[in-house]
Amino acid sequence: MKNYLIIFLLSISAVFYSQEKQPKVGLVLSGGGAKGFAHVAVLKEIDKAGIQLDYIGGTSMGAIVGGLYAAGFSAIQIEEVIKNTDFESLLRDIIPRSTSTFFEKEYLEKTMITLPVKSGKIGLPKAVSRGQNILSFLFELLDSTENLDDFSKLPIPFFCIATDVENGGEVVLEKGSLPLALRASGSFPTLLDPVIFDSKLLVDGGIANNFPVSIMKSKGMDIVIGVDVEGKLYKKEKLTSVISILNQIVSYQMYNKSKEEKEKLDVYIHPDIFEYSVVDFDKKDEILERGEVEAKKFTKIFTEIAAKQTNKKKRKK
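Residues numbered from 1 in each chain as written. Predicted model: local features only at pLDDT ≥ 70, side-chain atom pairs only at ≥ 80, totals over all residues. Heavy atoms only, no water.

A. Fine view of the overall build of the chain. A tally of regular secondary structure across the chain gives 13 helices and ten strands. Taken across its 317 residues, the chain has 49% of its residues classed as buried. Long-range contacts, defined here as pairs at least 24 residues apart, represent 77% of the contacts in the chain between residues at least 6 apart. Of the accessible surface of the chain, which amounts to about 17500 Å², a share of 56% is contributed by carbon and sulfur atoms. (Helix = DSSP H or I, 4+ residues; strand = E, 2+ residues; numbered from the N terminus. Buried < 20%, exposed > 50% of the residue type's maximum accessible area, 1.4 Å probe, protein only. Contact = heavy atoms within 4.5 Å. Areas by Shrake-Rupley, 256 points an atom, 1.4 Å probe, with all protein chains shown as cover.)

Here's what the structure looks like:
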């Protein structure tokens, strides 16, 4: 009887020891607009290796991809969503003609541009798109999170970054509506309208913190994997549009801060997507392929990390 008790106590100790020593793994996904599609390829390799992610954080497109994965989508499912979605129509807020009123069909279709009117005065729009279609799309995808307002309660705990328009400060979003938080984090200036979230007016998180590695480290993660889809500053010959010039201006501070964050990573992944821009949504297949090429270089590392995780939870999908 005494021997059985000793064996039982040893087995209990071994379980607690292995749980204590199992490394917690966090994943950080940077912003980058359409270039963020490459994140999906890395998630596919993480799935194949069997890594259990204990926390996910992201900015802009990294927030959207990471948020979907944290909510239970597999990497393959997210890839299918990307391939089957017309992002240009989403951004342009195009809706089926059959849903338009008679007035809209008769008059609005004949106009080149619609300007807002406030207090009897004609103004200018805040951005090219109001982003209503994108928000509706996110609500549709994430309807299972409707009654959840704490992102730490998702199948994988999650946070994302936005920027406060009033002061340019970083805002960490961890509670509230997940679809609205993702929409706020990805509100690229001039492309999408800002979002009011928790009484703050928010735009793209990339302006304040495009690669939130330090925040992930503060969550108690032992190993932090970072996927960087930032580009490079353009030469003057390529600065030919409002979006490209604005992106260049935003990038000055962004790249300097991200450089410091990269040094804190345990695994740094940067797909070769420098030739693509933040609005190259029509080149999603090429970007996904480039991401896959880079992700496969880390198969061995991912397998080694997964092998250290001896007590994995079954992931909800």
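B. Molecular detail of the side chain of Ser-60. Residue position: Ser-60 is located in the loop between strand E2 (55-59) and helix H3 (61-71). For Ser-60, a relative accessible area of 7% translates into the label buried. Not counting the four nearest positions on each side in its chain, Ser-60 is found in contact with Gly-31, Ser-185, Gly-186 and Asp-204.

C. Expanded view of the layout of surface pockets. In this structure, the second largest pocket spans a volume of roughly 470 Å³. Lining the second largest pocket are 19 residues, and of these Gln-52, Leu-53, Ile-156, Lys-313 and Arg-315 lie nearest its centre. Of the residues assigned to the lining of the second largest pocket, the class counts are eight nonpolar, three polar and eight charged. (1 Å grid on protein atoms, 1.4 Å probe; cavity = no way out; pocket = protein on both sides within 12 Å on 5 of 7 lines; lining within 4 Å. Points joined across faces, edges and corners; volume = space filled by probe spheres on them. Nonpolar A, V, L, I, M, F, W, Y, C, P; charged D, E, K, R; others polar.)

D. A look at the pairing of strand E6 (residues 170-173). Burial along E6 is one-sided: Val-171 and Leu-173 are buried, while Glu-170 and Val-172, pointing the other way, are not. Hairpin geometry of strand E5 (residues 158-164) and E6 is characterised by an intervening segment of five residues between the two adjacent antiparallel strands and by a positive phi of about 75 degrees at Gly-168. (Pairing = 2+ DSSP bridges.)

E. Region of interest: the environment of Lys-308. As for its position among the elements, Lys-308 is in the segment after helix H13 (299-307). Spatially, the C-alpha atoms of Lys-308 and Lys-21 are 8.8 Å apart, while their sequence positions differ by 287 residues. With residues near it in sequence (within four places) discarded, Lys-308 still touches Gln-22 and Pro-23.

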